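Reading the structure
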Amino acid sequence: MPYEWSAHTDADTGLSREALQLWPHRSMTNRGFATFIGVTFVLLCLPLIAVLGSPVLWALLPFLIGTLALTWVMIRMNDKALAMSEELVIWDDRIALTRHEARGTRRTWEAHPHWVRVALHEETGPVPNYVTLRGGEREVEIGAFLSADEREALFHDLAQRLGAGFSPPAQRP
């Protein structure tokens, strides 16, 4: 699961809190990236063996190098887009959700845990099993980058930790 719960107790005040860290899947490691680029380079160079020593080599080479460079850039852009995370911290008197965007911006939402409601929108959200937290007048999404099964598991985890403050999933007709 691309999320993890942890519990902490402040030694000075004795207050406890639970923290949830969420992050999107990152299926390609740096080593996997290097391997992919290397294999792609070799496969792109194989057709050049037939044209070694001819002017056709110089006509094809810029296109092959451009293809490799574009592949490199697009994969690295995707890596930067996945550099986001969410953190949900639950204290006795407060709950805070902070979303760290890929571009470095942060969005924060806070509410009192007693009034927070967790909802699972199985088919009415922008994605299947859309999970939201409602506190006061504002409703925020959590874990939208997770898979549908992971969002459903997250809903059950949140409902259990927040006690009765959850909305059961809507029943299908």
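A few words on the overall build of the chain. Helix and strand counts for the chain stand at three helices and nine strands. The helix and strand sequence of the chain, counted from the amino end, reads β-β-α-α-β-β-β-β-β-β-α-β. In summary, the chain has a C-alpha radius of gyration of 24 Å against a globular reference of 16 Å for 173 residues, an excess of more than 25%. Principal-axis analysis of the C-alpha atoms places the extent of the chain at approximately 75 × 50 × 25 Å. For the chain, buried positions account for 31% of its 173 residues. Of the contacts formed within the chain by residues at least 6 apart in sequence, a portion of 45% connects residues at least 24 apart. When the accessible surface of the chain is split by element, carbon and sulfur atoms take 60% of a total near 11,100 Å².

Across the chain, the average pLDDT comes to 87, with 94% of residues at 70 or higher. Averaged over each element, pLDDT in the chain is lowest for strand β9 (residues 166–167) (50) and highest for helix α1 (residues 30–45) (94).

Now for the pairing of strand β2 (residues 16–22). A regular strand carries its side chains on alternate faces of the sheet. Across seven bridges, the pairing between strand β1 (residues 3–9) and β2 is antiparallel. Of the residues in β2, the one forming a bridge with T9 is S16. Hairpin remark: β1 followed by β2, antiparallel, with six residues in the connecting loop; positive phi at G14, about 80°.

Let's shift gears to unusual backbone geometry. Despite not being glycine, N129 shows a phi value in the positive range, around 55°. Examined against the element boundaries, N129 turns out to sit in the loop between β6 (117–121) and β7 (130–135).

This paragraph deals with the packing of aromatic side chains. As enumerated under the stated definition, the model contains one aromatic pair in all. With a centroid separation of 5.0 Å and 80° between ring planes, the pair formed by F33 and W72 is classed as edge-to-face. With F33 in helix α1 and W72 in helix α2 (residues 55–81), this residue pair connects regions lying 39 residues apart in the sequence. For F33, a relative accessible area of 4% puts it in the buried group. Directly above the aromatic system of F33 lies the positively charged group of R76, at a separation of 3.8 Å from the ring centroid. Lying over the aromatic face of W5, R161 brings its terminal NZ or CZ to 3.9 Å of the ring centre.

How each quantity is defined
- Residues numbered from 1 in each chain as written.
- Predicted model: local features only at pLDDT ≥ 70, side-chain atom pairs only at ≥ 80, totals over all residues.
- Heavy atoms only, no water.
- Helix = DSSP H or I, 4+ residues; strand = E, 2+ residues; numbered from the N terminus.
- Rg over C-alpha atoms; globule rule 2.2 N^0.38 Å.
- Buried < 20%, exposed > 50% of the residue type's maximum accessible area, 1.4 Å probe, protein only.
- Contact = heavy atoms within 4.5 Å.
- Areas by Shrake-Rupley, 256 points an atom, 1.4 Å probe, with all protein chains shown as cover.
- pLDDT = per-residue confidence, 0-100.
- Pairing = 2+ DSSP bridges.
- Phe/Tyr/Trp six-rings, centres within 6.5 Å; stacked < 30°, edge-to-face > 60°.
- Lys NZ or Arg CZ within 6 Å of the ring centre and 35° of its normal.

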